[in-house]
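Chain by chain, the residues:
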Amino acid sequence: YLKSSGLGIFEHENNALRSFVYPNPVKNILFIRFEKSQSNISGFFIYDATGRKIEIMDFNKNAGSLTADVMNFAKGIYFYEIRTSEGVMRNKFVKE
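Note that the structure is a prediction, hence the values are computed from the model and not measured.

Asks: Tell me about the pattern of salt bridges, and please be specific about residues and values.
Replies: Taken as a whole and assessed by the stated rule, the structure comprises 4 salt bridges. With its nearest N and O atoms 2.7 Å apart, the salt bridge here joins R83 to E81. Here R83 falls in the partly exposed class, since its relative accessible area comes to 36%. On the basis of relative accessibility, which here comes to 6%, the residue E81 falls in the buried class. A network of salt bridges, in which partner residues are shared, links E81, R83 and R90.

Printed below as a string of structure tokens:
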């Protein structure tokens, strides 16, 4: 069970999954920082407001964070999903 706040902070009920997303709205690079090391990220996906999966051409991940280049995305609302062995994080961000 995941809960989120309007600030892009996610919390798993056992606090294993907690992340901070910035900037939001974003112009070029989206940063997602994990409170707890997530060395086992198995998937990262971005969807537009209609639910269409957007191909991510350039992203980097490590145990403490994930960055994605969204410079060429159209302005609008997007949703991301990060899958790990501890669960799934989902949230939205705005591309300006």
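Now that the structure has been shown, we can carry on.
Asks: How would you summarise the nonpolar core if you had to cite specific residues and measurements?
Replies: Core analysis: the largest hydrophobic core is formed by 20 residues, its most contacted members being I32, F44, I46, Y80, I82 and F93. Every element with two or more residues in this core is listed here: β4 (29–34), β5 (41–48), β8 (65–69), β9 (76–84) and β10 (87–95).

Asks: If you had to explain the pairing of strand β3 (residues 18–22) to someone new, which residues and values would you point to?
Replies: Side chains S19 and V21 of β3 all project onto a buried face; the interleaved residues R18, F20 and Y22 project onto a face where none is buried. Note: β3 against β4, 4 bridges, orientation antiparallel. Among the inter-strand pairings, S19 is bridged to a residue of β4, identified as F34. Between β3 and the antiparallel strand that follows it, β4, lie 6 residues.

Asks: Residue-level account of unusual backbone geometry, with values.
Replies: Residue P23 is bonded to the preceding Y22 through a cis peptide linkage, with omega at -20°. As for its placement among the helices and strands, P23 is situated in the loop between β3 and β4. A cis amide bond links N24 to the next residue, P25, at an omega of 15°. By secondary structure assignment, the location of P25 is in the loop between β3 and β4.

Asks: Residues and numbers for the environment of I54, please.
Replies: Structurally, the position occupied by I54 is in strand β6 (residues 53–54). When the C-alpha atoms of I54 and Y78 are compared, they prove to be 9.3 Å apart, with 24 residues separating the residues in sequence. With sequence-adjacent residues up to four places away left out, I54 is seen in contact with I46, Y47, D48, F73 and Y78.

Asks: Run through the side chain of E81, naming residues and quoting values.
Replies: Secondary-structure assignment places E81 in strand β9. Those residues in contact with E81 that lie beyond four places of it in its chain are G43, F44, F45, Y47, V88, M89 and R90.

So, how was this worked out
As a convention, each chain's residues are numbered from 1 in the sequence order in which they are written. Note on the predicted model: pLDDT of at least 70 is required for a residue's local features to be given, and 80 or more for side-chain atom pairs to be given and counted; whole-chain, interface and lining totals, by contrast, use all residues. As a rule here, side-chain values cover all heavy atoms of the structure and leave hydrogens and water aside. Every case where a carboxyl oxygen of Asp or Glu lies within 4 Å of a side-chain nitrogen of Lys or Arg is listed as a salt bridge. Accessibility here uses a 1.4 Å probe with only protein chains present; expressed as a share of the type maximum, an area under 20% marks a residue as buried, one over 50% as exposed, and anything in between as partly exposed. Here, the term nonpolar core denotes a set of buried Ala, Val, Leu, Ile, Met, Phe, Trp, Tyr and Cys residues that are joined through side-chain atoms within 4.5 Å. Put simply, DSSP marks the helices as runs of H or I at least four residues long and the strands as runs of E at least two long, and each gets a number from the N terminus on. Note on pairing: DSSP must find at least two bridges between two strands before they are called paired. In this analysis, two residues are considered to be in contact whenever any of their non-hydrogen atoms come within 4.5 Å of each other.

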